[in-house]
Every structure is written in structure tokens, then in C-alpha cells.
Amino acid sequence: MLSALNGRLSNRLARHFRAAPHRLPAHAPMVSFTFDDAPDSAAGEGASLLEAHGGRGTFYLAGSLIDQPGDHWHGLSNDAIIRLHRGGHEIGCHTFSHLRAIDLDEVAMTREIERNRSHFRGIDSSIRLENFAYPYGLASVWRKPQLARNFRSARGILPGVNSEIIDLQFLRASPLVNCEIDTDGVDHYFDEAVASGGWLIFYGHDVVDAPSPYGCTPALLRHALKAAEKRNMPIVTVAEALRRIGA
Ligand SMILES: [Zn+2]
């Protein structure tokens, strides 16, 4: 109970403390599609749809979930990872064991990062994990500075557009999850990104006709990609977005 309380508090504090503030250049709306864990359908249908719209995605992967069956999907294979990487998609870090940052001390987090890095280097030696996403979206005020020393950015699941002065170590991301958002909701975020000139990030998992409570249908992803196209917003990886904002 106490630990759950500390965890929630640490997550809340992480929003406000130890920020890595970065001011966005004037008006350059763009969108990133990110997939966590990641299901084989994200690497298949998800990546194909992005490519068909001239975009690339960021896949935050945990080595322990690769090619493993889960409750809702099968984890993507090594072949899929190589295909993504060579196709210009980004592989990001999601810890090796898919553990909440609030449950890891500094030594344990270091081990998780190193193990994940060496796991993906073993699949393709040119894979570098430059950006991080918190498992379960739960940040930790204690781990935040440590992650900042290891990664260019860290992404949570706090919805909203990243605009004006953003925190690179607590990037906002909105759900591309059918249980949580519909096409109007998606359009609303795009309109907000255009109005603010901000950086819109979506997160999701599987991309199938009958998605898990954490994933989306190909139709919803297609809608979001068309929404970007209509507004002339580039569809870029997190690494590419950081390059464009000079971070
Ligand atoms: Zn995850």
C-alpha cells in the first residue's frame, strides 16, 4: 500500500521536477506514432500503413517480450525488428524486463538498460537505443535524471500535445487506442497540434481489426495518418523529431 502510494507520488512528481526543458522552434507541427512492447501486428500492419503514408514509427521494445506469446498478442520477431530498423523505423528502449521505473533502484535500472541495449545490438549491431518509454507509462522522479543521462528523451502516457516549452524527459503522448479515443478525438489532437505548432505523439500497441484494450484498428491508424496528411504534418520517428527541434 505504502509502496503503491510512493509509486503514484513519484510518477506525479516526475511530471513537474527535474525537467529537461526545451523550447520548440516557432510553428513546426509534426506527429510521431509510437508502439510499445511491441506486438507483431504493430511491426506488420502498423509499419506498412505508416510507410504507405511516407512515415516511419518508433517502436519501444523490451528484450524479454521479443517473440513471446502474451495475453493479448504475440511479440514481434527478430526478423521483424531487423526489417523495421533497416526500413528507417526507430527502435527505442522500454527496459529489458518491462518493469515499472518506480520499482527499480539505480543499479537495477542500469542493469535493465544495459541488458536491453546488448540484446538489440545482438540482433543487429547498428541498433542504438536512443530514446526511452516508461513501461505502463509510469515515470519515477528518482529514475528521471538517470534516464536523462542515458537517453535523449523519455516518453510517458500523459495525453496532450508537446508545445512551446516541452520536457524532453517526460514527453506527452496520447492514446491511439480504440477503447480510449475515436476519430473525433484524434482530429482534436491534430487541430491542437496545428494551432500550437506542437509535436503530437501517439502511443499504441497492436494494430488489428479486433484490437486488445491497448491497441487500435487499422482503420483508426489510417484515419490518423490521413489527418496528418490533410494538415501537411510530417510523420516522423521520435529521433527525427528531436533532430528537427534541435534537441
Ligand atoms: Zn509496455
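Remember, predicted model here, so these are calculated numbers, not experimental data. (Residues numbered from 1 in each chain as written. Predicted model: local features only at pLDDT ≥ 70, side-chain atom pairs only at ≥ 80, totals over all residues. Heavy atoms only, no water.)

A. Molecular detail of the overall build of the protein. From N to C terminus, the protein includes 8 helices and 9 strands. Across its three principal axes, the protein shows a C-alpha extent of roughly 45 × 40 × 35 Å. Taken over 247 residues, the protein has a buried fraction of 54%. Pairs at least 24 residues apart make up 73% of the contacts formed inside the protein by residues separated by at least 6 positions. (Helix = DSSP H or I, 4+ residues; strand = E, 2+ residues; numbered from the N terminus. Buried < 20%, exposed > 50% of the residue type's maximum accessible area, 1.4 Å probe, protein only. Contact = heavy atoms within 4.5 Å.)

B. The coordination of the zinc ion, seen in detail. For the zinc ion, the full set of protein donor atoms is Asp37 (OD), His94 (NE2) and His98 (NE2), and the range of their distances to it is 2.1 Å. Of note, the zinc ion draws all its donor residues from one chain, in the sequence arrangement D-x56-H-x3-H. Here His98 lies in the loop between β4 (90-93) and α4 (106-123) and Asp37 lies in strand β2 (residues 30-37), a separation of 61 residues in the sequence. His98 shares its class with Asp37; the two are buried. (Donors = N, O, S within 2.8 Å, 3.2 Å for Na, K, Ca; no water.)

C. Examining α4 more closely. The terminal C-alpha atoms of α4, which comprises 18 residues, lie 26 Å apart, in line with the 26 Å expected from a rise of 1.5 Å per residue. Among the residues of α4, Ala108, Met109, Glu112, Ile113, Asn116, Arg117, Phe120 and Ile123 are the ones counted as buried. One face of α4 carries all of its buried residues, which in axial projection span an arc of 165 degrees. Along α4, the residues that are exposed and aim more than 90 degrees away from the buried face are Val107, Arg111 and Gly122. Elements that come into contact with the buried residues of α4 comprise β3 (58-61), α3 (78-86), β4, β5 (131-133) and α5 (144-150). Measuring from the side-chain oxygen of the N-cap residue of α4 to the backbone nitrogen of Val107 gives 3.3 Å; that N-cap residue is Asp105. (Expected span 1.5 Å × (residues − 1). Arc of directions from axis to C-beta. Polar contact = N/O pair within 3.5 Å; in protein donor to acceptor, adjacent residues only side chain to side chain.)

D. Structural view of unusual backbone geometry. In this model, Asp37 is joined to Ala38 through a cis peptide bond whose omega is -5 degrees. Counting through the fold element by element, Ala38 comes out in the loop between β2 and α2 (40-52). Residue Asp67 is not a glycine yet carries a positive backbone phi of 60 degrees. Counting through the fold element by element, Asp67 comes out in the loop between β3 and α3.

E. Structural context of the environment of Ala224. Looking at the secondary structure, you find Ala224 in helix α7 (residues 218-230). Its relative accessible area of 0% is what places Ala224 among the buried residues. When the C-alpha positions of Ala224 and Asp187 are compared, they lie 7.5 Å apart, and in sequence the two are 37 residues distant. Beyond its immediate chain neighbours, meaning those up to four positions away, Ala224 contacts Phe33, Leu176, Val186 and Phe190.

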